[in-house]
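Listed here are the chains, written in short residue letters.
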Amino acid sequence: MLCLSAPAMAEAQCEFPATEYDAGSGPQSVALADLNDDGALDLIVANLDSDTISVLMNAGNGTFAEDVTYSVGSGPRFVAAGDLDGDFDLDLVVANELGNDLSILLNVGDGIFVSAPACAVDDGPYSVAAGDLDGDGDLDLAIACRDSDGVSIRLNAGDGSFADGIFVEADAQPTSVVIADLNGDGALHIAIANFLKATLLLR
């Protein structure tokens, strides 16, 4: 079940009326992206226990259609969106913690997806972020691998397939990773949240 809430101020308290939407079993993360290029943000949910993702299309007024379910790998923990194959449609990448791989779903238009070959990664992929790390115009991937205490970097071949990884050591149990230009030098950096040490590592 996916629950959307919006604050409404009342006397001396804040109430949160909610609208609930069905998703898969054990939803773990949610992403926002305009998947069908209609100007409205759609919802994508990673469902850990049912090994699926749910896609809920925005009707344009903040309400959502019934979820469309796609099968992914074992134990999907995190989902992210980005144009992985350079066709100007937003694709999806899913970090599958139990399967030690990434599911790649390519958008064939109008928010309809087909599965590309899975990408094996190091142990315990917990989250994934997309960014052009090598400056070639394609979105590459950084994956926080909780069980191997590091981040796996996968460079995009330009068609939504990814080369073997470069492993970057981090502190204990990295659970979240983001990519951004943190110091304004025009290069992208990686920030990693490490669960056991409660630290942030910048690369």
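First things first, this report covers the structure right here in the doc.

Reading guide: rules and limits
Residues numbered from 1 in each chain as written. Predicted model: local features only at pLDDT ≥ 70, side-chain atom pairs only at ≥ 80, totals over all residues. Heavy atoms only, no water. Pairing = 2+ DSSP bridges. Helix = DSSP H or I, 4+ residues; strand = E, 2+ residues; numbered from the N terminus. Axes fitted to C-alpha atoms, helices over the stretch in contact; angles between N-to-C directions. Buried < 20%, exposed > 50% of the residue type's maximum accessible area, 1.4 Å probe, protein only. Contact = heavy atoms within 4.5 Å. Phe/Tyr/Trp six-rings, centres within 6.5 Å; stacked < 30°, edge-to-face > 60°.

Here we look at the sheet that holds strand β9 (residues 76–82)
Strand pairing in a sheet takes place through backbone hydrogen bonds and is either antiparallel or parallel in direction.
Right, on to step 1. Read across the sheet, four strands follow the order β9-β10-β11-β12 without closing on themselves; strand pairing throughout is antiparallel. The sheet is open, and its two edges are formed by β9 and β12 (113–120), each paired on a single side. Sheet twist, expressed as the mean angle between neighbouring strand axes with direction ignored, is 20°.
Right, on to step 2. Here strand β11 (residues 101–107) pairs with β12 via six bridges, running antiparallel. Of the residues in β12, the one forming a bridge with Leu106 is Val114.

Focus on the environment of Val178
Right, on to step 1. Turning to its location among the elements, Val178 is positioned in strand β17 (residues 174–180).
Right, on to step 2. The partly exposed category is assigned to Val178, whose relative accessible area is 47%.
Right, on to step 3. Between the alpha carbons of Val178 and Ala142 there is a distance of 7.9 Å; along the sequence they are 36 residues apart.
Right, on to step 4. Look past the residues within four positions of Val178 in its chain and what remains in contact with it is Ala129, His189, Ile190 and Ala191.

Looking at the packing of aromatic side chains
Right, on to step 1. This model, assessed by the stated rule, comprises two aromatic pairs.
Right, on to step 2. With a centroid separation of 5.7 Å and an interplanar angle of 85°, the aromatic rings of Tyr21 and Phe64 are classed as edge-to-face. Placement of Tyr21 in strand β4 (residues 18–21) and of Phe64 in the loop between β7 (52–56) and β8 (68–71) is noted, with a sequence separation of 43 residues between them. Like Tyr21, the residue Phe64 is buried in the burial classification.

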